[in-house]
Amino acid sequence: MGLFTTGFQSTVWVYPPEILPMEWRAKGTALATSTNWIINFAVVKIMPISISNIGWKTYIIFACFNASFVPVIYFFYPETAGKSLEEIDEIFALRSGSDNE
């Protein structure tokens, strides 16, 4: 669980402000963060019940969910490292087919 937090969990906090246009940034980040908290709450509530019913197989379910997101992240989340916010804005403007000028 600790590796999930250090590896993927930060995506919710860092990626939305980078990829959203300025006028949507606050609301989009708030939506991403609240969704993150709601899902974490659900996991915390479901985990004890799941472990008591199916035991260690619970971790296989979570591993499958995490593995299913690898291709989604690889194909649909463009790399933003080393790019300015303007360059990132251009990437998403090209993908959506809109002019940003």
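The structure presented is a predicted model; accordingly, all values stated were derived computationally and were not measured.

Visitor: So what about the overall build of the chain? Which residues, and what values?
Guide: Within the chain one finds five helices and zero strands. For the chain, the N- to C-terminal ordering of α and β elements is α-α-α-α-α. The buried share among the 101 residues of the chain stands at 17%. The long-range share in the chain, meaning contacts at least 24 apart out of those at least 6 apart in sequence, stands at 44%. For the chain, the exposed surface amounts to about 7900 Å²; the carbon and sulfur share of it is 70%.

Visitor: For the side chain of T58, give the residues involved together with the corresponding values.
Guide: Along the chain, T58 turns up in helix α4 (residues 57–76). Among residues more than four places away in sequence, those in contact with T58 are M47, S50 and I51.

Visitor: Describe the packing of helix α3 (residues 25–54) against α4, listing the residues and the values that go with them.
Guide: Relative orientation of the contacting elements α3 and α4 amounts to 135°, with a least axis distance of 8 Å. Comparing the axis directions of α3 and α4 gives the class oblique. Here V43, M47, S50, I51 and I54 of α3 come into contact with α4, specifically with K57, T58, Y59, I61 and F62. The residue inventory of the contact of α3 with α4, partitioned by class, reads seven nonpolar, two polar and one charged.

Visitor: Give me the lowdown on the side chain of T80, citing residues and values where you can.
Guide: If you trace the backbone, T80 turns up in the loop between α4 and α5 (85–96). By relative accessible area, T80 is classed as buried at 10%. For T80, the side chain forms a polar contact with the side chain of E18, separated by 2.5 Å. The contacts of T80, once residues within four sequence positions are left out, are Y15, E18, I19 and I88.

About the cut-offs
Residues numbered from 1 in each chain as written. Predicted model: local features only at pLDDT ≥ 70, side-chain atom pairs only at ≥ 80, totals over all residues. Heavy atoms only, no water. Helix = DSSP H or I, 4+ residues; strand = E, 2+ residues; numbered from the N terminus. Buried < 20%, exposed > 50% of the residue type's maximum accessible area, 1.4 Å probe, protein only. Contact = heavy atoms within 4.5 Å. Areas by Shrake-Rupley, 256 points an atom, 1.4 Å probe, with all protein chains shown as cover. Axes fitted to C-alpha atoms, helices over the stretch in contact; angles between N-to-C directions. Parallel < 35°, antiparallel > 145°, perpendicular 65-115°, else oblique. Nonpolar A, V, L, I, M, F, W, Y, C, P; charged D, E, K, R; others polar. Polar contact = N/O pair within 3.5 Å; in protein donor to acceptor, adjacent residues only side chain to side chain.

Structural measurements only, silent on function.
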